[in-house]
Amino acid sequence: DQQVKQNSPSLSVQEGRISILNCDYTNSMFDYFLWYKKYPAEGPTFLISISSIKDKNEDGRFTVFLNKSAKHLSLHIVPSQPGDSAVYFCAADGTSYGKLTFGQGTILTVHP
Amino acid sequence: EAGVVQSPRYKIIEKKQPVAFWCNPISGHNTLYWYRQNLGQGPELLIRYENEEAVDDSQLPKDRFSAERLKGVDSTLKIQPAELGDSAVYLCASSLGSTSGRAYNEQFFGPGTRLTVL
């Protein structure tokens, strides 16, 4: 039972353009969402988060949008840079404090 | 500030052998997590500690997996005996305690231990 799904295994984007990574969830108890970025041979690093009381959170080039009615969130990266190439995981919390449920990840490749 | 430290980084063992992983969290982080990440999947929580207490071990296969966090700092995860299906990356993460509000959700991960069981 995959409660958090990232349906796109990979995404390829030109440098300078927008990258949009999507995530869907099924559990209505989730009320806090996070995005992590992972480089090869490293652990995931926290990128940005959003509470369910908001529908948008922005941090520099990164913006996360939350659509609670659709149980959908997305991460926008503008402009995309080659250094953004990594695996991006969305994660959700709310069923049990501290227990993050992760999606399968999306491999982002930004071409120069 | 030092990040989460894990060792070893790589481990190859024969099935039925024991194996142990070690984690040193970020100083001051009371909460420690062990995750398992299978190939092509996201991390899955195995166990969460608040100081020395295991507050969530519902996903830990207790017949062969064990964990401890002595003195509420370092932690060890053990598998005995290992099976072929245990091949994965084992990640340790830490965060501020739950009394810190939602900031505790910002978990800091170590580089992981890649386990291969032959």
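Refer to the structure presented above.
What counts, and where the lines are drawn
Residues numbered from 1 in each chain as written. Chains lettered and ligands numbered in written order. Predicted model: local features only at pLDDT ≥ 70, side-chain atom pairs only at ≥ 80, totals over all residues. Heavy atoms only, no water. Pairing = 2+ DSSP bridges. Helix = DSSP H or I, 4+ residues; strand = E, 2+ residues; numbered from the N terminus. Axes fitted to C-alpha atoms, helices over the stretch in contact; angles between N-to-C directions. Disulfide = S-S within 2.5 Å. Buried < 20%, exposed > 50% of the residue type's maximum accessible area, 1.4 Å probe, protein only.

Peer 1: Describe the sheet that holds strand β1 (residues 5-7) of chain B, naming the residues involved and giving the relevant values.
Peer 2: Residue and element names in this part refer to chain B. Taken together, four strands build an open sheet; the order of strands is β1-β3-β8-β7 and the sheet is antiparallel. Single-partner strands in this sheet number two, and they are β1 and β7 (65-68). Across the sheet, the axes of successive neighbouring strands diverge by a mean angle of 15 degrees, strand direction being ignored. Alignment of β7 against strand β8 (residues 75-79), held across four bridges, turns out to be antiparallel. Within β8, the position partnered with S66 by the bridge is K78.

Peer 1: Could you give an account of unusual backbone geometry, with specific residues and numbers?
Peer 2: For the bond running from B:S7 to B:P8, omega is -10 degrees, close enough to zero to count as cis. With respect to the helices, strands and loops of the structure, B:P8 is situated in the loop between β1 and β2 (10-13). The phi dihedral of A:A41 is positive, around 65 degrees, even though this residue is not glycine. Here A:A41 shows up in the loop between β4 (32-38) and β5 (45-51). Even without a glycine there, the phi angle at B:K71 is positive, about 60 degrees. Residue placement: B:K71 occurs in the loop between β7 and β8.

Peer 1: I'd like a description of the state of the cysteines, backed by residues and values.
Peer 2: Residues and elements named next belong to chain A. The full count for this structure, using the stated rule, is two disulfides over all chains. Paired by a disulfide, C23 and C90 hold their sulfur atoms 1.9 Å apart. The sign of the S-S torsion, about 60 degrees, decides the handedness of the disulfide formed by C23 and C90: right-handed. Taken together, the positions of C23 in strand β3 (residues 19-25) and C90 in strand β9 (residues 86-93) put the pair 67 residues apart, joining distant regions of the chain. In this structure C23 comes out as buried when scored by relative accessible area, which is 1%.

Peer 1: Report on the sheet that holds β3(A), specifying residues and quantitative values.
Peer 2: Residue and element names in this part refer to chain A. Taken in spatial order, the five strands of this open sheet run β1-β3-β8-β7-β6, and their pairing is antiparallel. The outermost strands of the open sheet, each flanked by one partner alone, are β1 (4-5) and β6 (56-59). The sheet contact formed by β1 and β3 spans two bridges and is antiparallel. Looking at β3, one finds that V4 is bridged to Y25.

Peer 1: Describe the pairing of strand β4 (residues 31-37) of chain B, with residues and values.
Peer 2: Residue and element names in this part refer to chain B. By the criterion of burial, β4 is predominantly enclosed, with seven of the seven residues buried. Here β4 runs beside strand β5 (residues 44-50); their pairing, made up of six bridges, is antiparallel. Residue pairing across strands places R36 opposite E44, the latter belonging to β5. Pairing geometry for β4 and strand β9 (residues 88-95), over seven bridges, is antiparallel.

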